[in-house]
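For reference, the chains in residue letters:
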Amino acid sequence: MDFLFSSNSWVYYVAVFLCAFTAIIEFAVEDKYTIVGIGEIAEIQNRRKNIVKFIAFILIGYIVFWAAVRNGVADTRTYIQSYNLLKSDVGIFDSFIRNDDGSLDKAPLFISYQILLKKLGFDWHFFLGSIAVFSGLCIYYGISKFSDNVSYSVFLFITSLEFYWLFNGIRQFVVAAMFFAAFRLVVEKKFIKFLLLVFVMYFIHSTAIILIPIYFIVNMKNWDIGISICIIVTMAIVLIFPGKVNIWIDDAFSDYDYLNAVQDDDGVNILRVAVSLVTPVLAYIYRKDIARYNNPYINVMVNFSLITAGLYAIGYVTSGIYVGRLSIYTELFNILLLPFIICCISSKKIRPILIFCSIVGYLLFFYLQTKDGSMYYTTDLFDSMNMAKDINLFG
C-alpha cells in the first residue's frame, strides 16, 4: 500500500471512506423517517431532504477542493502553461474570430473565459479552481436532485473513477457536468432549450454536438427495436468507416487537452467495458419492474446506460482512445440508475446481496485502477509542507 503515500493517492481513498461514513448518517435519517407518526412525516421528510443535500455537498465538496488546489495531475500542467501563455491585451471574444489561416479556435467560449480572468488579474490557480467548483456544483445538483441514495451515488462517482474528470480532461467534463445538471430538459423534452444549451456547450467542446442525436435516442421506449437499431447502426458506422469517424473525433481532441495526456493511452480496457455492462444488465433483468414503475427519468437513464456500454464496446474493439471518452456524456447517469435499481426495484431478499456485490466490485475496480500509482496527486499545499514525492510528472 506504499502507493497511497508515494503518489499521494490517499486523497482519493479518503473520499471513499467519507462515502461510507455519510452512508451511515443517511441510513439513520432514513430509518428515523420510517418510524415517525403520520403527522410528523412532512416535517421529517423536509429535514431528511436538507440533511441529504448537506451530505451531497460535503462529499462533492471534498473532491472539488482537491481538484481546485492541484498543480500537476495528468493534463493539468498543459492547462497551466496554456493559461499563462494567453495574452490579456486581446479582446475577450477574439477567439470567436477566424484566424489568419481561416480556422477557428476549437473552444472559443472556454478561451474567452480564460482571457476574461486574465484581464481581471486572476492567475491559473483561480482558473483551475473556478472550473472545478462549477463542474462540482453541476454534479452536486444532479445527484442531490435525482438520486434515490445520495451516498451510494457519490460512492459510484468516486469508485467508477468518474470524479477523475475533475482532474483530467476538464474542458470536456464542464460540458458533461452541464448536461448532467440539465437532465430535466431531456426527460421533459424541452428541445428548444436543450438545443440552445448544446449551442453554448459546443463552443466549449465540439463533441457536444453528439448530444443532439443522443437526445432522440434516449427518449425512445426502453428495449424497443428502435433504440437497438440506432445503437447497432452507430457501432456499424464506426467499425466500417473508422477513418472518417476518427478524423472528426481526433480533431475535437487534438488541442492541448490531450496532446500529452493520452499519448501513451492504449484505449479502453476490458475491465472498464465489464463495469459499464453492470447497470444495463441489471436494468434488463428488472425491465418488467421498471416498466411498471413507469418513471420517465428512469426510462431515459436506462437508455443512457445502453449507449454507455455501446460506446465502451466500440472503444475497446477499435482501440479508440477518444471514442471511449465520449461515454462521459452518458456514463454519469449510471450513478443515478444503479442505486435506484438496487435500492428501489430489487426485492428485499436479494437487495443486501446486490448492495454487497456492487460495493465490493466497485471497490475492487477502484483499487485495480489506482494501485500502480498512476493516479498521482500534487498540490502547492503539499509542496509547502514537504509532502510532495519524487514523481516524474510530465515525462
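Below is a summary of the structure that appears in this document. (Residues numbered from 1 in each chain as written. Predicted model: local features only at pLDDT ≥ 70, side-chain atom pairs only at ≥ 80, totals over all residues. Heavy atoms only, no water.)

Observations concerning empty space enclosed by the protein
As a reminder of what qualifies: Buriedness of a pocket was judged along seven lines, with at least five required to meet protein on both sides within 12 Å; pockets are open sets of points on a 1 Å grid over the protein atoms alone, cavities are sets where a 1.4 Å probe fits but cannot get out, and lining residues have an atom within 4 Å of a point. Grid points are joined across faces, edges and corners, and a volume is the space filled by probe spheres set on the points. A run of H or I in DSSP becomes a helix once it reaches four residues, and a run of E becomes a strand once it reaches two; helices and strands are each numbered from the N terminus. In this classification, the charged set is Asp, Glu, Lys and Arg, the nonpolar set is Ala, Val, Leu, Ile, Met, Phe, Trp, Tyr, Cys and Pro, and all remaining amino acids, among them Gly, are polar.
According to the stated counting rule, one finds two cavities of 30 Å³ or more in the structure shown. Along the walls of the largest cavity sit Leu156, Ser160, Glu162, Arg272, Val275, Ser276, Thr279, Glu331, Asn334, Ile335, Leu338 and Tyr362, which together make up its complete lining. Among the elements of the structure, helix H14 (270–285) and helix H19 (334–345) are those that each provide at least two residues to the lining of the largest cavity. Per element, the largest residue contribution to the lining of the largest cavity is four residues, and it comes from H14. Here the residues of the lining of the largest cavity sort into five nonpolar, four polar and three charged. Volume-wise, the second largest cavity comes out at about 30 Å³. Put simply, the parts of the chain that give the lining of the second largest cavity at least two residues each are helix H6 (124–146) and helix H8 (170–181). It is H6 that provides the largest number of residues to the lining of the second largest cavity, a total of four residues. In terms of residue class, the lining of the second largest cavity is made up of seven nonpolar, one polar and one charged.

Concerning helix H5 (residues 108–119)
What counts, and what does not: What a helix should span is 1.5 Å times the count of its residues minus one. Only protein chains enter the accessibility calculation, which uses a 1.4 Å probe; a residue whose area is less than 20% of its type maximum is buried, one above 50% is exposed, and one in between is partly exposed. The contact rule is simple, with two residues in contact once any of their heavy atoms fall within 4.5 Å.
In this model, H5 (twelve residues) spans 16 Å end to end at C-alpha, consistent with the 16 Å of a helix rising 1.5 Å per residue. Every buried residue of H5 is listed here: Pro108, Phe110, Ile111, Ser112, Gln114, Ile115 and Leu117. Here the buried face of H5 lies against helix H4 (76–85), H6 and H8. Residue Gly121 follows H5 closely and has a positive phi angle near 90°.

Comments concerning the pattern of salt bridges
Stated precisely, the cut-off is as follows: For this analysis, a salt bridge means a side-chain nitrogen from Lys or Arg found within 4 Å of a carboxyl oxygen belonging to Asp or Glu.
A full pass over the atoms with the stated rule returns five salt bridges. For Glu188, the salt bridge identified is with Arg184, shortest N-O distance 3.1 Å. Asp289 is paired through a salt bridge with Arg292; the nearest N and O atoms lie 2.7 Å apart. With Asp289 and Arg292 both in helix H15 (residues 287–293) and three residues apart, the pair spans about one turn of that helix. Overall, Asp289 belongs to the partly exposed group, its relative accessible area being 29%. Classification of Arg292 as exposed rests on a relative accessible area of 64%. Connected via shared salt-bridge partners are Glu162, Arg272 and Glu331.

Looking at the environment of Gly61
The topology assignment puts Gly61 in helix H3 (residues 41–68). A sequence separation of 72 residues divides Gly61 from Val133, and the C-alpha atoms of the two residues are 8.3 Å apart.

What about H14?
Put simply, the rule is: Note that the bend at a residue is defined as the angle between axes fitted to the seven residues ending at it and the seven residues starting at it.
Counted at 1.5 Å a residue, the expected span for H14 with its 16 residues is 22 Å, and the 22 Å between its end C-alpha atoms agrees. Along H14, the largest kink reaches about 30° and is centred on Val278; proline Pro280 follows within four residues of it. Residues of H14 that are buried include every one of Arg272, Val273, Val275, Ser276, Thr279, Pro280, Leu282 and Ala283, and no others. In this structure, the buried residues of H14 make contact with H15, helix H16 (296–317), helix H18 (328–331), H19 and helix H20 (351–370).

Brief notes about the environment of Thr370
Along the chain, Thr370 turns up in helix H20. Separated by 358 residues in the primary sequence, Thr370 and Tyr12 have C-alpha atoms spaced 9.4 Å apart.

Considering a nonpolar patch on the surface
Counted only if it meets this: Exposure above 30% relative accessible area and the lack of any salt bridge qualify a residue for a patch; like charges then connect within 9 Å, and the nonpolar side chains Val, Leu, Ile, Met, Phe, Trp and Tyr within 5 Å. Every accessible area reported is derived by Shrake-Rupley at a probe size of 1.4 Å, with residue values counting cover from the shown protein chains alone.
On the surface, a cluster of nonpolar side chains totalling about 620 Å² of accessible area is made up of Ile270, Leu271, Tyr316, Val317, Leu364, Tyr367 and Leu368. Within the residue set of the nonpolar patch, elements represented by two or more residues are H14, H16 and H20. Broken down by element, the nonpolar patch gets its largest block of residues, three residues, from H20. For Leu364, the position within the fold is in helix H20. You can call Leu364 partly exposed: its relative accessible area is 48%.

A short note on the side chain of Glu162
Note on placement: Glu162 falls in the loop between helix H7 (150–159) and H8. Looking at Glu162, the relative accessible area reads 2%, which means it is buried. In this view, Glu162 contacts Phe157, Phe173, Arg272, Ile328, Glu331 and Leu332; residues no more than four positions away in its chain are not counted.

Describing the nonpolar core
We count it as follows: By nonpolar core is meant a set of buried Ala, Val, Leu, Ile, Met, Phe, Trp, Tyr and Cys residues that side-chain atoms within 4.5 Å join together.
Tyr12, Phe157, Ile158, Phe163, Phe167 and Phe173 are the most contacted members of the largest nonpolar core, which totals 111 residues. In terms of residue count, H3 provides more of this core than any other element does, eleven residues in total. Every residue in contact with Phe157, bar those within four places of it in the chain, is listed here: Ile60, Ile139, Glu162, Phe163, Leu166, Phe173, Leu332 and Ile335.

Some details on the packing of H5 against H6
The test is simple: To get an axis, fit a line to the C-alpha atoms, keeping to the stretch in contact for a helix; angles then go from 0 to 180 degrees between the N-to-C directions. If an angle is under 35 degrees, it is roughly parallel; if it is over 145, roughly antiparallel; if it lies from 65 to 115, roughly perpendicular; otherwise it is oblique. Crossing handedness: left-handed means the near helix sits turned counterclockwise from the far one by under a right angle, and right-handed means the same turn made clockwise.
Close contact between H5 and H6 brings their axes to 10 Å; oriented N to C, the two are set at 130°. With respect to their mutual orientation, H5 and H6 come out oblique. Pair H5 / H6 crosses with right-handed handedness. For the pair H5 and H6, contact is made by Phe110, Tyr113, Gln114 and Leu117 and by Phe126, Phe127, Ser130 and Ile131, respectively.

A short note on unusual backbone geometry
Residues other than glycine seldom take positive phi values, yet Ala74 does so here, at roughly 55°. The topology assignment puts Ala74 in the loop between H3 and H4. Residue class for Ala74 comes out partly exposed when judged on its relative accessible area of 23%. Residues other than glycine seldom take positive phi values, yet Asn294 does so here, at roughly 50°. Within the secondary structure layout, Asn294 lies in the loop between H15 and H16.

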